[in-house]
Amino acid sequence: MSLAVFQHTSELAERTAAAITDFQRDYPQFSFDEQLLKPASRFVTRGKLFRGSVCLTVSAALSGQHQPSSAAWPAAVALELAGSAILMQDDVMDNALLRRDETTLHRVYQQHWQGAEVDKARFGESMSVCVSDTLFFVATQQLAKAPVDDAVRIQLLSAMSEQIATLALAQAEELRMSALPLTDPSITEESITQVIVGKTARYTAMWPLEFAGILALAGVETMTALREFGKLMGIIFQISDDRLGLFGDPAITGKDADSDAKTAKK
């Protein structure tokens, strides 16, 4: 099954990069955009493309098909664009050095700063926020253009809005908890797990599985099962990621090993 999930990654990477290229072509703004969107496109397509791949594979399986439908591709692209945008903002908040075995984008953008050295970091962070916001809305555009019935389109857009809005609040809660000492009575296994479900589980597994169910016109029982499976899968993923984040080798994991400790994540 694991191999089957990743059978469409090459085409997914091409379609995702094309979505950014098409946006830049159709809505030309400034010459500097190339310096922002080209690194972003590379960043998006260097990932494992897990979320989009899950959407493609599971939606096809639920529909009894061997290949993803034409409607599944824009949804998968939207997942990858939005997922990468989330990681870009996460890297800014964590002041991370590495992501996907390369320099994080906010540090890449610092290289374009021409002012005083003191504002260099802020410039890079600000540019990363602007580009990540752009990716969110290019993702929305993908869903708006998807070849689906209006009812399905509304479900997809509603699901994405709910997932991102809820995730943002979970991220805010994680930041709040980071400022608290470990002895604070509100720091419990339950409270930490709640953040994991609201954040990682949501965008890593629950969201792509929900998209798959919507595309396959799945019933209530199936949708409930997909969400529960996604929640458990996301918890396992984050616990493993935290372990690697503390004790992993950056040369293997592709990201720095001390950012979680420096930001006092619980």
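Described in the following lines is the structure provided in the data block. Values in this document were obtained by computation on a predicted structure and should not be read as measured data.

1. Overview of the overall build of the chain
- Of regular secondary structure, the chain possesses 12 helices and two strands.
- For the chain, the N- to C-terminal ordering of α and β elements is α-α-α-α-α-β-β-α-α-α-α-α-α-α.
- For 266 residues, the compact-globule formula gives about 18 Å, and the C-alpha radius of gyration of the chain, at 19 Å, lands near that figure.
- Its C-alpha atoms give the chain principal-axis dimensions of roughly 55 × 50 × 30 Å.
- Put simply, the chain has 266 residues, and 46% of those count as buried.
- If you take every contact in the chain between residues at least 6 apart in sequence, the share linking residues at least 24 apart comes to 72%.

2. Topic: the pattern of salt bridges
- Overall, the coordinates contain 13 salt bridges when judged by the stated rule.
- In this structure, Asp22 and Arg25 form a salt bridge, with 3.2 Å as the shortest nitrogen-oxygen distance. Residue Asp22 and its partner Arg25 are located together in helix H2 (residues 9–26), separated by three residues, close to a single helical turn.
- Judged by relative accessible area, which is 31%, Asp22 ranks as partly exposed.
- In this structure, Glu210 engages Arg227 in a salt bridge whose closest nitrogen and oxygen atoms are separated by 3.5 Å. On the criterion of sequence distance, the pair formed by Glu210 in helix H9 (residues 189–215) and Arg227 in helix H10 (residues 220–247) is long-range, its members being 17 residues apart.
- Connected via shared salt-bridge partners are Asp90, Asp91, Arg99, Glu174 and Lys199.

3. Re the side chain of Ser128
- Counting through the fold element by element, Ser128 comes out in helix H7 (residues 120–144).
- According to the relative accessible area criterion, Ser128 is buried, its value standing at 1%.
- With residues up to four places along the chain from it excluded, the contact list for Ser128 reads Met88, Val92, Leu105, His106 and Tyr109.

4. Looking at unusual backbone geometry
- With a phi close to 55 degrees, Arg100 is a non-glycine residue in the positive phi region.
- Here Arg100 is to be found in the loop between strand S1 (98–99) and strand S2 (102–103).
- Take Arg100: its relative accessible area is 18%, and that puts it in the buried class.

5. What to know about H2
- Its 18 residues give H2 an end-to-end C-alpha distance of 25 Å, which sits within 8% of 26 Å, the value for a rise of 1.5 Å per residue.
- Close packing links the buried residues of H2 with helix H3 (33–45), helix H4 (50–62), helix H5 (72–94) and H7.

6. Details of the packing of H5 against H9
- Interaxial distance between H5 and H9 falls to 11 Å at its minimum, and their mutual angle equals 170 degrees. Relative to H9, H5 is oriented roughly antiparallel. Contacts between H5 and H9 involve Ala72, Ala75, Leu79, Ala82, Ile86, Leu87 and Asp90 from the former and Lys199, Tyr203, Trp207, Pro208, Phe211 and Leu215 from the latter.
- Here the contact of H5 with H9 is built from residues that sort into 11 nonpolar, no polar and two charged.

7. Overview of the packing of aromatic side chains
- Applying the stated rule across the entire model yields four aromatic pairs.
- Relative to Phe50, the ring of Phe6 has its centre 6.1 Å away and its plane inclined at 40 degrees; by these criteria the two rings are tilted. One end of the pair, Phe6, is in the loop between helix H1 (2–5) and H2; the other, Phe50, is in helix H4, and 44 residues separate them in sequence.
- A cation over an aromatic ring shows up here: Arg100 above the ring of Phe43, its NZ or CZ 4.5 Å from the ring centre.

8. A word on H10
- The terminal C-alpha atoms of H10, which comprises 28 residues, lie 41 Å apart, in line with the 40 Å expected from a rise of 1.5 Å per residue.
- For H10, the set of buried residues is Met223, Leu226, Gly230, Gly234, Ile235, Gln238, Asp241 and Gly245.

9. Digging into the nonpolar core
- In this structure, Leu81, Trp207, Phe211 and Leu215 are the most contacted members of the largest nonpolar core, which totals 57 residues.
- In terms of residues, this core owes the most to one element, H5, which gives 13 residues.
- Beyond its immediate chain neighbours, meaning those up to four positions away, Leu215 contacts Cys55, Ser59, Ala71, Ala72, Ala75, Val148 and Leu156.
- Counting residues in each nonpolar core, the second largest holds five residues, with Val197, Ala201, Met206 and Ile235 among its members.

10. Some points on the environment of Gly124
- One can find Gly124 in helix H7.
- By relative accessible area, Gly124 is classed as buried at 0%.
- When the C-alpha positions of Gly124 and Asp242 are compared, they lie 26 Å apart, and in sequence the two are 118 residues distant.
- In this structure, Gly124 is in contact with His106, Tyr109 and Gln110, ignoring residues within four places of it in sequence.

The rules behind each value
Residues numbered from 1 in each chain as written. Predicted model: local features only at pLDDT ≥ 70, side-chain atom pairs only at ≥ 80, totals over all residues. Heavy atoms only, no water. Helix = DSSP H or I, 4+ residues; strand = E, 2+ residues; numbered from the N terminus. Rg over C-alpha atoms; globule rule 2.2 N^0.38 Å. Buried < 20%, exposed > 50% of the residue type's maximum accessible area, 1.4 Å probe, protein only. Contact = heavy atoms within 4.5 Å. Salt bridge = Lys/Arg side-chain N within 4 Å of Asp/Glu carboxyl O. Expected span 1.5 Å × (residues − 1). Axes fitted to C-alpha atoms, helices over the stretch in contact; angles between N-to-C directions. Parallel < 35°, antiparallel > 145°, perpendicular 65-115°, else oblique. Nonpolar A, V, L, I, M, F, W, Y, C, P; charged D, E, K, R; others polar. Phe/Tyr/Trp six-rings, centres within 6.5 Å; stacked < 30°, edge-to-face > 60°. Lys NZ or Arg CZ within 6 Å of the ring centre and 35° of its normal. Core = buried A, V, L, I, M, F, W, Y, C linked by side-chain atoms within 4.5 Å.

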